[in-house]
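Residue-level structure breakdown
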Amino acid sequence: MTTSFDVIVLGVGGMGSAACYELAARGRRVLGLEQFPLVHDRGSSHGHTRIIRTAYAEGVAYVPLARRAFAKWYALEQHTGRHLLTECPCLNVGPPGSAHVAGVRASVREHALAAEELSGDEINRRHPAFRFPTEYRGIIERAAGFLYVEECVRAHIDGAVALGAEVRAEEPVRAWKPVGDGVEVSTDRGTYRAAKLVITAGAWATKLLADIGVPLRVMRQTLLWFEVAARAFRRDTFPIFIADTPDGEFYGLPMIDARGVKLARHYTAPELPGPEAVNWELTPDDEAALRQLASRFVAGLGPFTRGQVCMYTVTPDRHFVLDTHPAHPQVSVACGFSGHGFKFAPTVGEIMADLAEDGTTAHDIAPFRAARFR
Ligand SMILES: Cc1cc2nc3c(=O)[nH]c(=O)nc-3n(C[C@H](O)[C@H](O)[C@H](O)COP(=O)(O)OP(=O)(O)OC[C@H]3O[C@@H](n4cnc5c(N)ncnc54)[C@H](O)[C@@H]3O)c2cc1C
């Protein structure tokens, strides 16, 4: 038997959960299909926290999307009664000529954001755990913080279900095809029809969306926690930071529980063809490489306490893909978040709902069209 919906959302992770919530809030009959148990740790939306920031190094076009995301995360907190976002300043720092710091500065100027520029010495004086060279420059902004990533996904799913959405776990989509103006989606349990399909398949978009002309690749990334003396790493003393160094970017979040301080490298990993190529075990090299880099700039890192493996799905220019399918306008796609997408999930959910309902959105998604790669 075939069941019909207004919209099917393929993949209920960070972005798909937000799309389900947004569409359900607009009164649509929504079916979300997820291959794994809900809120799992085999995709891209796990690992306790995600940074949210406004002075966006990756491009001024992201700033309005970040502002909208802040408002929508707070609205989700109100709707679900859960604490999802903790505000915390974010320091962006790098040597003279750092592209990352220049990008932050451009966003601050273009959007008149509140931010303070500091020398390496000033940073080290204010935040005693840091050891940045004198000539480094930092920009610190207060419109930043961290999201409890699993709680956020759970809140979107529970919120969507409370609004009438159907979300099915452990039901992988085997195939989809256009049927007239709509779509048909097949799983091992059934065939579903809908007027519209939203594809938010994370790293699996490498295969599911191989036909949209975007060469997506997957990067294995690790998140590691280190024991530290609490005082210098607490949220009142130690900001979130993103450091651009000659040996690559790394970032960290303050100590918020017994796990310690969380540190990770950004990019600097091989590009893999798909999620099946990812090694989910941590290796001794994961810790050694991060410790070697981080301990040049952060003092007092104790023993490694735990870690997790996660995936980035990267595009060649490291910018997102938010678009309708080039051959099937009833299908919208959100993929290639290139390691910096989670903060925008509620905005992406809104854009996907707009594209599913109207084929267009008031958000400026011109920089994110798939056609830039064709
Ligand atoms: C280590 C790490 C740190 C990060 N830090 C930050 C940060 O600080 N700030 C930030 O903004 N972003 C950050 N990111 C990026 C951000 O987490 C991702 O961009 C975002 O989570 C991607 O969400 P997604 O929905 O595309 O993928 P996912 O959350 O992985 O969701 C895709 C879902 O689709 C499902 N799926 C796939 N194929 C099928 C199928 N055939 N049938 C059914 N279901 C299917 C998958 O199982 C999965 O649940 C980080 C990422 C990592 C890995």
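Everything numeric here is computed off the predicted structure, so don't read it as measured data. (Residues numbered from 1 in each chain as written. Predicted model: local features only at pLDDT ≥ 70, side-chain atom pairs only at ≥ 80, totals over all residues.)

Per the domain assignment, the segments making up the protein chain are domain 1 (2-46 + 150-216 + 317-373) and domain 2 (90-141 + 219-312). Summarising the inter-unit geometry, the C-alpha centres of domain 1 and domain 2 are found 30 Å apart. If you look at the interface, domain 1 gives ten residues, while domain 2 gives ten residues. Across the side of domain 1 that touches domain 2, the residue classes tally to two nonpolar, six polar and two charged. (Domains from an automatic or database assignment. Contact = placed C-beta atoms within 7 Å. Nonpolar A, V, L, I, M, F, W, Y, C, P; charged D, E, K, R; others polar.)

With that settled, the discussion passes to the site of the ligand. Around the ligand, a shell composed of 35 residues is seen, among which Gly11, Gly13, Gly43, Gly202 and Gly341 lie nearest. Those elements giving two or more residues to the shell around the ligand turn out to be α1 (14-25), β3 (49-52), β13 (217-226) and β17 (304-314). The residue makeup of the shell around the ligand, split by class, is 17 nonpolar, 15 polar and three charged. (Near = placed C-beta within 6 Å. Helix = DSSP H or I, 4+ residues; strand = E, 2+ residues; numbered from the N terminus.)

Pairing geometry for strand β14 (residues 240-245) and strand β15 (residues 248-253), over five bridges, is antiparallel. Its bridge partner lying in β15, Ala243 is registered against Phe250. Connecting β14 to the antiparallel partner β15 that follows it, the hairpin turn spans two residues. In the sheet, β15 pairs with strand β16 (residues 261-266) via five bridges, with the strands oriented antiparallel. From the neighbouring strand, Phe250 faces β16, where its bridge partner is Arg265. (Pairing = 2+ DSSP bridges.)

Residue Val39 is not a glycine yet carries a positive backbone phi of 55°. Given 21 C-beta atoms within 10 Å, Val39 falls into the buried group. Its identity as a non-glycine residue notwithstanding, Thr268 has a phi of 45°, on the positive side. In this structure, Thr268 sits in the loop between β16 and α8 (284-294). (Buried ≥ 20, exposed ≤ 12 C-beta atoms within 10 Å, placed from the backbone.)

Spatially, three strands are ordered β3-β8-β4 in an open sheet, and the strand pairing comes out antiparallel. Of all strands in the sheet, those bounded by a partner on one side alone are β3 and β4 (85-87). Direction aside, the axes of adjacent strands within the sheet are offset by 25° on average. Note: β3 against strand β8 (residues 145-148), four bridges, orientation antiparallel. Pairing of Ile51 across the sheet is with Phe146, part of β8. Against the sheet, helix α2 (residues 62-80) contacts β3, β4 and β8, and its axis sits at roughly 125° relative to β4. Set on the sheet, helix α5 (residues 149-162) makes contact with β3 and β8; between it and β8 the angle comes to about 60°. (Axes fitted to C-alpha atoms, helices over the stretch in contact; angles between N-to-C directions.)

Strands sit in the order β6-β7-β5-β14-β15-β16-β13-β17 across an open sheet of eight strands; the sheet is mixed. Each edge of the sheet is formed by a strand with only one pairing partner; in this case those strands are β6 (115-119) and β17. Each strand axis lies, on average, 20° off the axis of its neighbour in the sheet, ignoring direction. Strand direction decides the pairing type here: β13 and β17, joined by ten bridges, are antiparallel. By the bridge assignment for β17, Arg217 is matched with Val314. Of the strands in this sheet, β5 (90-94), β6, β7 (137-141), β14 and β15 are in contact with helix α3 (residues 99-110), which crosses β5 at around 130°.

Helix length check: helix α9 (residues 345-358), at 14 residues, gives a terminal C-alpha distance of 20 Å against a target of 20 Å (1.5 Å per residue), a fit within 8%. Of all 14 residues that make up α9, eleven are buried, and the element is covered over most of its length. Taken together, the buried positions of α9 are occupied by Ala345, Pro346, Thr347, Val348, Gly349, Glu350, Ile351, Met352, Ala353, Leu355 and Ala356. Phi for Gly359, located one or two positions after α9, is positive at around 75°. (Expected span 1.5 Å × (residues − 1).)

The next thing to look at is α3. For α3, built from twelve residues, the straight-helix expectation of 16 Å at 1.5 Å per residue is met to within 8% by its first-to-last C-alpha distance of 16 Å. Inspection of α3 places Val101, Gly103, Val104, Ser107 and Val108 among the buried residues, and these make up the whole buried set. One face of α3 carries all of its buried residues, which in axial projection span an arc of 160°. Residues of α3 that are exposed and angled more than 90 degrees away from the buried face: Ala99 and Arg109. For α3, the elements touching its buried residues are α2, β5, β6, β7 and β14. Note on α3: the residue one or two positions beyond its end, Ala112, has a positive phi of about 45°. (Arc of directions from axis to C-beta.)

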